[in-house]
Each structure stands twice: as structure tokens, then as C-alpha cells.
Amino acid sequence: MLDYNASVLLIYTGGTIGMIEDAETGALKSYDFNHLKEYVPELNRLKFNIDNIQFKEPIDSSDMNPEKWKKLVWIIEDNYNQYDGFVILHGTDTMAYSASALSFMLENINKPVILTGSQLPIGKIRTDGKENLITALEIAVDKDPYGCAFVTEVCVFFQNLLMRGNRTTKINAANFRAFHSFNFPTLAEAGAYIRYQHELMHRPLHNSTPKFHSTLDPNVAIVKLFPGISPQILQAMIAIPRLKAIVLETYGAGNAPSEKWFLDIIAQAVNSGIVIVNVTQCASGSVDMNRYQSGMALKDIGVISGYDITTEAAVAKLMFLFGYGLDRKEVKMYMKIPLVGETTIE
Ligand code: ASP
């Protein structure tokens, strides 16, 4: 049910969606978002209020970082009570990382925070941006007859699909279907109607208020295994000063080389206090360190399972947990507990 007195805050961070084509040269350029309605006149026909706010310097999302995630949290915190929902326009390249980070930083929200963007600029005739933007705005104000928001979590909306933000991965650099949630079903599908999977939605804890977290610890690294990875590479990674955690992208169900040098370096890292989380390089499926000898060896050393978490969400969760001030033991414990639906632990 659309609430016609509703209000959405549209936050523009940058990315392709905020670009138009220069009529003379054909080059893409950013434009002042205050003039959005000139490019998307359809917005005038939406019967609810849309306010917008933009980053002073719109960025390509390759420049997104924890400082800018904090900025987004502050914007949402400052405006939380005035709006029914939030739509963040974001470049697609790092959208899955931002959605993951925000899902942890915006704890216990009872309103939608929807990230969207586009593959073609909004000022291009065949743009996918208009559809993504308009439907994301509609979802941001959609409520049940009692006035409760249908969506109470951080999501990505792209090409008809509403997905849990911390389950998404960018899968295509050009196709309009740019995101996928491999290990969790989509939360809604927009066709002639928007069909929500209400039972899948993450809900805030009863009788508790939202908490806005803005401290992250960026001392996290990703190590992707490949046949031929050398001791020098691995050694250099674990020697990084102040490194607190490594997301280890392993093969298949969580497997890694069984050579002694490899296991010795991993053991050395664990013993020096670095938390190592095992995630799979496969797009879909889960780590199971009990399945093969090579996975079991990692488990014996003290590497922990990331189960079916995405690399994006694992990085964000580690930054969040260490930023929260937890010690290594507590971080290991919380990595095994889904906080906002980011993992399924069988
Ligand atoms: N490079 C752009 C960005 O992520 C691509 C996009 O917006 O889709 O900001």
C-alpha cells in the first residue's frame, strides 16, 4: 500500500546513474542533482515527497571507502525520523560492499534503505536508471495497512529484483541484470505488481530502537588463492603491520593447498592473532571445512568458516566487529552468528 503522505530521502553518492550525455559532444558528465526532475519528469507523478541530498563531490564508486560509509550513516541518522525510507544512488562497482557495510552499521532499522544505480546514465535514452530509481522509491514508501514498512533492512534494488544488500554480488559489467544474490532468495520482484517475500525479510528486534554505528576498522585484507601462489606473496600479506583479519578466498567447499609451507604460514598468521575467515571463490554454495582433508587442515590450524557469506559481506563484517572494539576471540565468535541475515549456518 502506498502512503501518499510519505517522504523519501534520496541520497546521491555518484556513479553512472547521475550522468547525462552532453548534447553536443556526446561525452558523459555529472549534473546537479537538484535538477533531477528535469531528467526524470516521471518523479513529478509520484504522489509522495522526495527530498534529495548529495555528496559534495559525487564519486565513482571505485573511490568508496569506510569514511564515506560513515558519512552515509550520519546522513541517515540525522534524517531518520523525518523520512519513511531512504534510497541511495550509488555506482554499481562497489555497491555490494556498501550495502554489506551499511547492513551492519544501521542496526535494528525499521525502515527501508535501498541502494540502486544503473548501467546506463539517467540522461541516456535507453537508461535502466529510471526504472531502478522509480521502483526503489516506491519500495521505500511501501507499507502494510498498519503503517509498518514492508522492508526493514538494507537492500539492493536492480532490474526488477529487491535483494538483501549483504547477499549481493556484482555479476556483470554491462548487462542490466548486474547483481545477483546467489545464496539467498530475492526479497521482492517488481513486475506489474511488487511481490514481497515478507517471511524472508529481516526484522528489527521487538521494542528496541535503531542504533547507528560509525566506527569501522579497515585493517582487513582479502587473499585470493590461485594455483602457483608463492610463499613470498602469502608471507608479505601476513606481515602487514596492524592487520587484524584476512578473508581467505579458497577453492570449492573451502579447500586450500596442503603443502607444508602454505599451512605453516597460515598457522603463523593465526598464532600471531590474525583472524582468518574461509570463504569460497565459487559464486554460490558454502564452505564446509569437514568435507575434504585440505579444508580440515585449515580448520585444525584455527581458520574459521565463513559458511556461505560473500567476500563483500565478510570484509564489511570484520571491519564492523573490530571497529566495535571486540577482541579477536569475540570477533571469531560473532563471525559464526548471522547478525543481519548475511549467512546461513547449516
Ligand atoms: N564506475 C561506475 C561506479 O561504480 C559504474 C557504475 O556506476 O555503474 O561508480
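Up top you'll find the structure we're talking about.
Residues numbered from 1 in each chain as written. Predicted model: local features only at pLDDT ≥ 70, side-chain atom pairs only at ≥ 80, totals over all residues. Heavy atoms only, no water.

Draft legend 1. Examining the sheet that holds strand β17 (residues 275-280) more closely. If you walk across this open sheet you meet the four strands as β15-β16-β17-β18, and the pairing is parallel. Two strands bound the open sheet, and with one partner strand each, they are β15 (220-224) and β18 (304-305). Bridge count between β17 and β18: two bridges; the pairing is parallel. For Asn278, the partnering residue across the bridge sits in β18 and is Ser305. (Pairing = 2+ DSSP bridges. Helix = DSSP H or I, 4+ residues; strand = E, 2+ residues; numbered from the N terminus.)

Draft legend 2. Molecular detail of the sheet that holds strand β7 (residues 113-116). Ordered in space as β4-β1-β5-β7-β8-β9-β12-β13, the eight strands form an open sheet in which the pairing is mixed. With partners counted over all chains shown, the strands left at the sheet margins are β4 (49-59) and β13 (194-196), one partner each. Neighbouring strand axes in the sheet, compared pairwise and without regard to direction, differ in orientation by 20° on average. For strand β8 (residues 154-158) and strand β9 (residues 161-164), the ladder comprises four bridges, and the chain directions are antiparallel. Note that in β9 the partner of Val156 across the bridge is Met163. (Axes fitted to C-alpha atoms, helices over the stretch in contact; angles between N-to-C directions.)

Draft legend 3. Geometry of the packing of helix α8 (residues 311-323) against helix α9 (residues 328-335). For the pair α8 and α9, the least separation of the axes is 10 Å and the interaxial angle reads 140°. By the angle between their axes, α8 is oblique relative to α9. The two elements α8 and α9 meet at a crossing, and its hand is right-handed. Side by side, α8 and α9 meet where Ala314, Lys317, Leu318, Leu321 and Phe322 of the first sit next to Arg328, Val331, Tyr334 and Met335 of the second. Among the residues making up the contact of α8 with α9, the classes are represented as seven nonpolar, no polar and two charged. (Parallel < 35°, antiparallel > 145°, perpendicular 65-115°, else oblique. Left-handed = near helix turned anticlockwise from the far one by under 90°. Contact = heavy atoms within 4.5 Å. Nonpolar A, V, L, I, M, F, W, Y, C, P; charged D, E, K, R; others polar.)

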